[in-house]
Structure formats: structure tokens, C-alpha cells
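Single-letter residue listing:
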Amino acid sequence: MPGIMNYLLVIVLTLCPFCCVTSSSHDRINAFEPYFLQIIDGDIEFLDTHCRSSNDDFGNKTMTIHSAFSWKFRRNIGETTRFVCTFWWKTADGLIYKETEFDVFNQQIGDECGKNLFRTNRCFWSVTQSGFYFAKGQPFNWMFKHSW
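Residues numbered from 1 in each chain as written. Predicted model: local features only at pLDDT ≥ 70, side-chain atom pairs only at ≥ 80, totals over all residues. Heavy atoms only, no water.

Draft legend 1. Just unusual backbone geometry, in detail. Even without glycine at this site, histidine 66 takes up a positive phi of about 70°. Position of histidine 66 relative to the elements: it lies in the loop between strand 3 (57-63) and strand 4 (68-74). The phi angle at asparagine 141 is positive, at roughly 55°, despite the residue not being glycine. With respect to the helices, strands and loops of the structure, asparagine 141 is situated in the loop between strand 8 (131-136) and strand 9 (143-146). (Helix = DSSP H or I, 4+ residues; strand = E, 2+ residues; numbered from the N terminus.)

In C-alpha cells:
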């Protein structure tokens, strides 16, 4: 019996460093893929955004053409990590012209963006007058994903 206990202890100590990776903003156990997500204002002069998850809320952001904001995170153990953003395209006098809300990250988008454990998976969203475009790796080769 002591031989089995020693064997199990060695396994636990060997795997522990892989299980104790923390999120960039929370001290929780997380051993899944690292991500970088960026929202880019492609061509909208007056754009407000509000992105959040169950653990993080980035507040309202006022963006200008070609400005961007980003964050880093890791998927949680159950791969239920989800970031939702609300987008408001406004007129010069601050009235809402168009509004929409959708997941900018969930399991499906994460799988599409990449699942590399050892290198940061990079996801990009470009917000344009014609809609929302997604790219992985680098901010080019955009794919249309969502309309206003």
C-alpha cells in the first residue's frame, strides 16, 4: 500500500504545475489555453462597446476609427468561458443608430481561434459599418460573422 501511495504522490506532484496556471485577472485554477482577444473599430466614427463575462466586466468603452482594446485570459476547466459584447453605433449627437449584442468568445469561437496550450491563441474582431468580422492569429483574412 505505501508503494501505491508514493506512486500517486509522484503523479500528483508531476501534474500539479500544469493544473495551477492562473488567469490574468483571477486566482483560480485554470489549465486551459491562453487567449488574446482584441476588438478593433474598423470604420465607425462613434462606437461604444461593453464587454463582459461572468468573472470580468470591462465597462463601457468609447472607441474611434482604428482604435482597439484587448484583454488576455484562459479558458476555464469546463471550457464554458464566454465573453459577451454589446455594441452601440451612435450618431454625432450621441443617439443610438444601431445596437447589437453577441458572444465574441465562447467554446465554438475558441475552437475556431485555436487550442494551443503553450502559445497564446489570438482572436480579433473588426467592427465595421457592414458588420462584424473575425480573424485568428493576425488581424487580416477577415471572415464575416455577424450583422448589425
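From this point, the discussion proceeds with the structure in view.
Draft legend 2. Spotlight on the pairing of strand 1 (residues 34-41). For strand 1, a buried count of eight out of eight residues is recorded, marking the element as mostly surrounded by other parts of the structure. Burial along strand 1 is two-sided: Pro34, Phe36, Gln38 and Ile40 and Tyr35, Leu37, Ile39 and Asp41, pointing in opposite directions, are all buried. Taken together, the seven bridges between strand 1 and strand 7 (residues 121-128) define a ladder with parallel strand orientation. Among the inter-strand pairings, glutamine 38 is bridged to a residue of strand 7, identified as phenylalanine 124. (Buried < 20%, exposed > 50% of the residue type's maximum accessible area, 1.4 Å probe, protein only. Pairing = 2+ DSSP bridges.)

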